[in-house]
Amino acid sequence: MIRKLATRRETLLLGALLLLLAVIATRFPGFVAPSNLADVFNDTAPLILLAIGQMVVILTRCIDLSVAANLALTGMVVAMLNVAVPGLPVAVTLAVALGLGAALGMVNGLLVWKLDIPPIVVTLGTMTIFRGTIFVISGGDWVNSHEMGEGFKAFPRAELLGLPMLSWIAILALAVFSLVMTRTTLGRAFYAVGGNPHAATYTGIDVGRTQFWAFTLSGTLAGLTGYLWVSRYAVAYVDIAGGFELDVVAACVIGGISIMGGVGTVWGALLGALFLGVIKNALPVVNISPFWQLAISGSAIIIAVAVNARAGRDKGRIILKSAEHAT
Amino acid sequence: MLMQAGSDDNAQTLTGPVLSLDGITKTFPGVKALDEIRLDLHPGQVTALVGENGAGKSTVVKILTGIYQPDGGEIRVDGSARRFPSPQDAADAGITAIHQETVLFDELTVAENIFLGHAPRNRWGLIDWPRMRREAETILRGIGAQVDPDHPLRDLGIANKHLVAIARALSIDARVVIMDEPTAALSHKEIEELYELVETLKAQGKAILFISHKFDEIFRIADRYTVFRDGQFVGAGLIADVTEADLVKMMVGREVSQIFPKRSPSIGEEVLQVAGYAHPTEFADIGFRLNRGEILGFYGLVGAGRSEFMQALFGITKPSKGVTKIDGKIRVIRSPADAVANGIVYVPEDRGKQGAITALPIFQNVTLPSLARTSRRGFLQLAEEFKLAREYTRRLDLRAASLDTPVGNLSGGNQQKVVIAKWLATQPRVIILDEPTKGIDIGSKAAVHDFMAELAAQGLAVIMVSSEIPEILGMSDRVIVMREGRIAAEVQGDDLTPETLVRHAAGI
């Protein structure tokens, strides 16, 4: 019962995703082969990771535009660290990426919480600051493949049970965040704060602090993705993942996460990201110009929002007894 | 109205009311805000509109200014029926209102504020700035305001903003000026200046509707009065013919017709003691004691600082000073979480906005403030949550297909039960109910009153903030009256009469 209600939106999106795959399969059956789908999933893993974090932030009626810049800055820092200390264990690199990402997220969170600045302004500002910082620390230089250690580059590609580590990390994040969102008091607080901040205040939930934790989680995932991105593509420079924050927000919106806050699930974020990932990977193989990809992604966003808005539209006051439990 | 022929008719119009409301009715879902009321405004005279909070004064103002449409009755201007489908239509008929809280634009200049929407135009249809400035200056000088028309409004003090609002009202060549508690934010000297201004407007033949809770000013400047009570017309006449006592009696002198639950309060030991609560701008010197099983009423006019104090007590705003003792021990309450942990809960006035989280299911709403009990080290125990939610929804007789139903899919009455269940599940010691029956129908009111009596009987200490005198009198064991951010009186026993409460609340 609870699953059915909570995932109705997600079921619809899953249907749309399967339909999309079916249409692609008619023109290029090889696309839906399990190995190719695994590749698509792996390719979409960074988007999934960031979308999960963004979902938490959007749930609390905020937005985090700094995720891609956070990713790029953290990626540059761990790449330069790897150059400076060649033998650094991957575990340490991961810890640095997670820690730095979290710290950058906390900066956003603190500005929103303590100074009460609108999140869109805060993260627009930090986005620019993070990018600028990359230029300052790197002097505008690239860190190239040959400068990076083998262990550093190998980690996201290392295979376990046939899947690369990058995919496993996305799966792990999905599992952990699904647990956090549905089974912890913090997860419940995210929904409460976004659903009705006034009511949340009266029940003893600190709205600002809850938003702070949302930004921290988003930043942590962005930092983690920063390392994975830089090591996978084996290059770090100022502009990596430029504009990627918009894909992330788009994935959330397509995934049924209400931009008004309070509504959304980890699975929605996953499906939204996969939807965009499938479009991005499928269009070239079915010979559709990449320019169409933008138009299709854009249409998907608008359709998703329209469908969600229709579903969520106020059906008026419930006065009729018979209408009370009909949904 | 009798129609008379020829010149007699003209004479009648000249001396008769410029504006009349006849049999105006306005209903909101579940509440009859106005029930066939009458109101006449005469040129060159000040009519005071008197009534308790909730008597329907603001609704009348909104109908006169075209914000609300009446469901029945007639508005007559100069004897002919008119309708005001929009605020612009009311302004065209020469009706203007100066509101309690001035509705002006801080970022625009004084002249722009005065002429917004009806600025003088030059021959190309563009705003004629020199003329606008000139005319603004003339109007401002006319009301004795020392304000530069080119100054941005945000730099002005509250009194000068008020003068700009009045200038705006005059700029549309109003025949009827509505002043809704115009002196609420003014100092003594500014009030005197306002009185002079009112005299000027009277001399210009404008009809003035003056809404005020302060009897001294009503008797100082009003020529006529009209009294409303519970949305009904009670009486009207010349101020010279009545005394303060007469007006108070008309305002409150009803039979207490509602039936309140019979209680035999068994008042126990002291639970809560509050001392020296103060806030820089909202309240000062608030102190009282509260016992188990007691219902303590907080009465006062709107804006007396009751809700503001309650929010400070609950930890939402920070008081500058004040001590809270629970069971005789000092407790520091810095946040709502502290308050809930110490057994104080607050059911706010605006339950729609501040009550339920409609996207979440019933059980999650009910357990939200009790998550500390239904979780282990930050992890939720769903079975515990359902148990708690089931227990309290059952106690409140909440009928829902499933506890998974989102609260948004419930009717208003059931949503309210969810909110109450949520608070009871925290097992509070003190429950603060802010306007618990505001805007709900008589039947639901009785249910809320019964429930409140039951809470007290179970040993809870109840604080009830209410602006309704019958409710305060019918439910409270003791009443604290607040006025202008301070405790004006603590009333109990035989002193609990409508007259005493109104007298303390209005400061007469």
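Keep in mind that this is a model prediction, so the values were computed, not measured.

## Some points on the sheet that holds strand β12 (residues 286–291) of chain B
What holds strands together in a sheet is hydrogen bonding between their backbones, with the strands either parallel or antiparallel.
Residue and element names in this part refer to chain B.
And step 1. With antiparallel pairing, the four strands of this open sheet are ordered in space as β12-β11-β14-β15. Bordering the open sheet on either side are β12 and β15 (329–331), each of which pairs with just one other strand. When strand polarity is set aside, the average angle formed by the axes of neighbouring strands in this sheet is 20 degrees.

## Thoughts on the nonpolar core
Side chains that are nonpolar tend, in soluble globular proteins, to be buried together.
And step 1. Counting 243 residues, the largest nonpolar core has A51 of chain A together with V462 of chain B as the members making the most contacts within it.
And step 2. Top element by residues in this core is helix α3 (residues 34–59) of chain A. It accounts for 13 residues.
And step 3. Residue assignment places this core across two domains, with domain 1 (17–94 + 174–254) and domain 2 (105–173) of chain B each supplying three or more.
And step 4. With near-sequence residues (within four places) excluded, V462 of chain B lies in contact with I295, L296, I431, L433, M452, L455 and A456 of chain B.

## Here we look at the environment of T74 of chain A
All names here are of chain A.
And step 1. Along the chain, the position of T74 falls in helix α4 (residues 67–84).
And step 2. When the C-alpha atoms of T74 and A250 are compared, they prove to be 23 Å apart, with 176 residues separating the residues in sequence.
And step 3. Contacts of T74, omitting those with residues within four sequence positions, involve A97, L100, G101, A222, G223, G226 and Y227.

## Some words on the domain arrangement of chain B
Residue and element names in this part refer to chain B.
And step 1. Segmentation of chain B into domains returns domain 1 (17–94 + 174–254) and domain 2 (105–173).
And step 2. The gap between the C-alpha centroids of domain 1 and domain 2 is 26 Å.
And step 3. With 10 residues of domain 1 in contact, the opposing surface of domain 2 contributes 10 residues.
And step 4. No other element matches helix α7 (residues 188–203), which puts three residues into the side of domain 1 that touches domain 2.

## Section: the environment of T281 of chain B
All names here are of chain B.
And step 1. If you trace the backbone, T281 turns up in the loop between β11 (270–278) and β12.
And step 2. Taking the number of C-beta atoms within 10 Å as the measure of exposure, T281 has 9 and is therefore exposed.
And step 3. The spatial distance from the C-alpha of T281 to the C-alpha of G305 is 9.8 Å, given a sequence separation of 24 residues.

## Overview of helix α13 (residues 266–285) of chain A
And step 1. The terminal C-alpha atoms of α13 of chain A, which comprises 20 residues, lie 29 Å apart, in line with the 28 Å expected from a rise of 1.5 Å per residue.
And step 2. Just past α13 of chain A, the residue N287 of chain A takes up positive phi, approximately 60 degrees.

## Quick word on the sheet that holds strand β21 (residues 478–483) of chain B
Residues and elements named next belong to chain B.
And step 1. Ordered by their spatial adjacency, six strands build an open sheet running β16-β19-β20-β13-β21-β22, and the pairing between neighbours is mixed. Two strands close off the open sheet at either side, each with one partner strand: β16 (344–347) and β22 (486–492). Sheet twist, expressed as the average angle between the axes of neighbouring strands with direction ignored, equals 20 degrees.
And step 2. Across five bridges, strand β13 (residues 295–300) lies against β21 in parallel orientation. In the strand pairing of β21, G297 is matched with V479.
And step 3. In this fold helix α18 (residues 498–506) packs onto β13, β21 and β22, with an angle of close to 30 degrees to the strand it touches most, β21.

How each quantity is defined
- Residues numbered from 1 in each chain as written.
- Chains lettered and ligands numbered in written order.
- Predicted model: local features only at pLDDT ≥ 70, side-chain atom pairs only at ≥ 80, totals over all residues.
- Pairing = 2+ DSSP bridges.
- Helix = DSSP H or I, 4+ residues; strand = E, 2+ residues; numbered from the N terminus.
- Axes fitted to C-alpha atoms, helices over the stretch in contact; angles between N-to-C directions.
- Core = buried A, V, L, I, M, F, W, Y, C linked by C-beta atoms within 7 Å.
- Buried ≥ 20, exposed ≤ 12 C-beta atoms within 10 Å, placed from the backbone.
- Domains from an automatic or database assignment.
- Contact = placed C-beta atoms within 7 Å.
- Expected span 1.5 Å × (residues − 1).

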